[in-house]
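Examining the three-dimensional arrangement
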Amino acid sequence: MNQDNRKNAHQEIDHIFKELLPAHGMAERPAQVALSHRMLDAMLDGSIALCDAGTGIGKTYAYLVAGTVFLRCRAAAGLPFHPLLISTSSIALQNAVLNEYLPFLSAVLMAGQLMDHPLRAVVRKGKSHYVCDERLRRRLGAVDLGRKSPRAREALLSLRDHLDLDMAEHLSGYDRERVHVPQVCDCGQESCRYLCFMEVCASARYQVQICNHNLLLADAIHRSVGRRPLLPEHSALIADESHKLPEAARQMFGVTLTAGDLRSLIHGLRGERYLLAAETLAETAGPLLRELSRPWDGERPFSHFAGLLKRPRKTLELIQRQIGALVSPSTRRQLEQIIDKAALFLRSQPDVICYAAEDDRGGTMLCATVSDLTEQFRQTLWRQRTPMILTSGTMAVGRDFRRFKEDTGLLTDSRVRESVAPSPFAYSENCLLYLPRLPPCQDSGRYYEELSKEIASLLDAAHGHALVLFTSYAAMSAVKERLRDQGMLYPLFTLGRNAVHTTGQFKSTPGSVLLATGAAWEGFDFPGDCVSLLVIPRLPFPMPDALKEKERERYPDLHSFLRAVVVPEMQIKLKQGFGRAIRTETDTCVVAILDERAAHGRRYFRDILTALPEMPVTNSIQEVERFIRAVKPDSYFQEGAA
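Residues numbered from 1 in each chain as written. Predicted model: local features only at pLDDT ≥ 70, side-chain atom pairs only at ≥ 80, totals over all residues. Heavy atoms only, no water.

Before going further, it helps to examine the pattern of salt bridges. When the charged atoms of two side chains lie near each other, side chains of opposite charge can form a pair. Tallying each qualifying case throughout the model produces 46 salt bridges. Here Arg 583 and Asp 525 are joined by a salt bridge, their closest N and O atoms 3.1 Å apart. Note that Arg 583 is positioned in the loop between α22 (558-578) and β16 (589-593) and Asp 525 in the loop between β14 (513-516) and β15 (533-536), a separation of 58 residues in sequence. Accessibility expressed as a relative area gives 38% for Asp 525, which makes it partly exposed. One continuous salt-bridge network, built from bridges that share partners, spans Arg 402, Arg 403, Glu 406, Asp 407, Lys 548, Glu 551, Arg 554 and Glu 569. (Salt bridge = Lys/Arg side-chain N within 4 Å of Asp/Glu carboxyl O. Helix = DSSP H or I, 4+ residues; strand = E, 2+ residues; numbered from the N terminus. Buried < 20%, exposed > 50% of the residue type's maximum accessible area, 1.4 Å probe, protein only.)

If you want it as structure tokens, here you go:
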């Protein structure tokens, strides 16, 4: 790319952020403009840019503008067209990019005469998310629709008009397994909607293609072993929510077993009238299914689940011997896959680590992965010479990316650039950090009584409007019980499996209190006065598990391991939780950390201050109340308490 093209590209970024976007109601943010320039430079230079962007920077528009200008720059230089690839970890962000960010940016650029047609984007998924027309035709011919529930029947019939299985919300797992595109799609029909869709995706129709981290890594694996790529050649990769890449890699380079996998097999056996096999498997797998369906708390070791897997494994092997050759190909494939997974989980191998983790439904899944992912990252994703932007709000601790780079194999990659864009929010004015002078003592037999009393005092000082983030379900249940026994004045909600319903109730009940754990540490937004008090009873240190034990072996002593791995992971998780407090530039909030190890002068006091934005610190409940009285309107104090 010559210097004139580079100069013109940077001038376009300034024009878009300083003139076009403000003309459509979007305020100019200098930090956002600077971030977009850095991202463009990385694309032009073929670098891997690690961009930690604080809340309120506007990183999504920063990378969309940089990526759009990069495409224009490539076209001006006469380079062949390749789309931008955007990878995220959440469906919510994918939908927001597709339906909100890109349409608005397109309208702005067209009004500014930088483009004469909208930016087109498409969300890409794996084969199992799409309908196979031939398999759907066979399924509709074989099923008795009258025996289905109305919602399941309508979901199945709707697939005649929808290619994406995820649009059929009430489609049964059994139907889904029998109508999705198989691994080898060879129907050869010119009218096949899936093949037509893939053909369009491979054309120049879409300037932006959006996928999740799992599909991104699956595509990288395919390329590394010479198999047909799953995604098109792209001019640049933008990986948002990049802090989720290591966990996605652990799944992609390993195997997982969920309650849904077992239930789908049981349902399939029933559907094919192998009722004895289905009932026997349901009975022997029952204890394991109940444990996997419980909310993941990180406290039950993998060995607990492995013990419950032994009986269903014997049943699975018996079913395979007796009817494995008689069941349908799809059921046979499910059966073989689960048997192979069970064997892996119950067999000790030095280079494989087995552990339990949270699944996408809030329950528990069993996982097995290689002990060191860094070489897999290097041989798949990083070996590609495409420019890459890896961005998130929680990749760095302060300005230190070392933990993320160690996890992803980027520690010695010469293409890596680093940048931190701190949040522009006025935390020093809008936020107060409370660390009690005498925090509840974990070793005390009255710990939960003392903790609940401290939380109740904070709730009174802040007049409710609180989110309490726990590190375990057991602690959350213990505090919930005691707060209710104390006759708390504020409406109390607990975040369980129906998260969307509960958070909706919480947001619509002013002054209420939400007790939460798990995904709530980073998965939910609570702007406005809804969360004016964020309470963190315990510092979110990672739970000891097989992964941590294996990593511990690489360090000479426990102290080195704690400082290099455990503390940085805690700091990143703490940043994620803190992000629930201040979501807009006008939000005001007290953040209370009640862990005795975080108190002034204690072991992790300085680590806490390093992880969080600079703000006033107090150990006085009275100061908490004064702060809330100073920053909240009178109407705030009329909400919540009975």
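Having seen the model, we can carry on.
Bringing the sheet that holds strand β6 (residues 255-257) into the picture now. Strands sit in the order β6-β8-β7 across an open sheet of 3 strands; the sheet is antiparallel. Sheet topology places β6 and β7 (352-358) at the edges, where each strand pairs with a single neighbour. Taking the axes of each pair of neighbouring strands and ignoring which way they run, one obtains an average angle of 25° across the sheet. Relative to strand β8 (residues 364-370), β7 runs antiparallel, the two sharing 7 bridges. Looking at the pairing, Tyr 355 lines up with Cys 367 of β8. Sheet strands touched by helix α13 (residues 302-323): β6, β7 and β8. Its angle to β8, the strand with the most contacts, is close to 105°. Contacts from helix α14 (residues 329-346) reach β6, β7 and β8 within the one sheet, and its direction differs from that of β6 by about 105°. (Pairing = 2+ DSSP bridges. Axes fitted to C-alpha atoms, helices over the stretch in contact; angles between N-to-C directions. Contact = heavy atoms within 4.5 Å.)

Moving on, we come to the layout of surface pockets. Reported here for the second largest pocket is a volume of approximately 500 Å³. Along the wall of the second largest pocket there are 25 residues; nearest its centre are Phe 541, Pro 542, Met 543, Pro 544 and Arg 597. Counting only elements with at least two residues in the lining of the second largest pocket, the list comes to α18 (447-462), α21 (546-552) and α22. Considered class by class, the residues forming the lining of the second largest pocket number 15 nonpolar, 3 polar and 7 charged. (1 Å grid on protein atoms, 1.4 Å probe; cavity = no way out; pocket = protein on both sides within 12 Å on 5 of 7 lines; lining within 4 Å. Points joined across faces, edges and corners; volume = space filled by probe spheres on them. Nonpolar A, V, L, I, M, F, W, Y, C, P; charged D, E, K, R; others polar.)

On to the nonpolar core. In this structure, Ile 16, Met 39, Leu 40, Ile 86, Val 97 and Ile 389 are the most contacted members of the largest nonpolar core, which totals 47 residues. Of the residues forming this core, the biggest block, 10 residues, is contributed by helix α3 (residues 59-76). The residues touching Leu 40, leaving out its near neighbours within four places in the chain, are Ala 9, His 10, Ile 13, Ala 66, Val 69 and Phe 70. If you look at the next biggest cluster of nonpolar residues, it comprises 42 residues, including Phe 526, Cys 530, Tyr 555 and Ile 593. (Core = buried A, V, L, I, M, F, W, Y, C linked by side-chain atoms within 4.5 Å.)

The subject of this paragraph is the domain arrangement of the chain. According to the domain assignment, the chain consists of domain 1 (3-123 + 197-250 + 374-421), domain 2 (131-179), domain 3 (255-370) and domain 4 (427-641). A separation of 33 Å is found between the C-alpha centroids of domain 1 and domain 4. Contacts between domain 1 and domain 4 engage 14 residues on the former and 16 residues on the latter. Taking both partners together, domain 1 and domain 4 bury about 1100 Å²; carbon and sulfur atoms supply 51% of that area. With a shortest N-O distance of 3.8 Å, Asp 52 and Lys 575 are connected by a salt bridge. Counting across the domain 1 and domain 4 interface gives 7 residue pairs in polar contact (both at pLDDT 80 or more). If you tally residues by element for the side of domain 1 that touches domain 4, the top one is helix α16 (residues 402-408), at 3 residues. Looking at side-chain class alone, the side of domain 1 that touches domain 4 contains 3 nonpolar, 5 polar and 6 charged residues. (Domains from an automatic or database assignment. Buried area = accessible area lost by both parts, 1.4 Å probe. Polar contact = N/O pair within 3.5 Å; in protein donor to acceptor, adjacent residues only side chain to side chain.)

This part takes up the sheet that holds strand β17 (residues 617-618). Two orientations exist for strands paired in a sheet by backbone hydrogen bonds: parallel and antiparallel. Reading across from one edge, β13-β14-β12-β15-β16-β11-β17 is the order of the 7 strands in this open sheet, with parallel pairing throughout. Strands with a single pairing partner mark the edges of an open sheet, and in this sheet they are β13 (492-494) and β17. α18 rests against β11 (431-434), β12 (466-469), β14, β15 and β16 of the sheet, and its axis sits at about 170° to β15.

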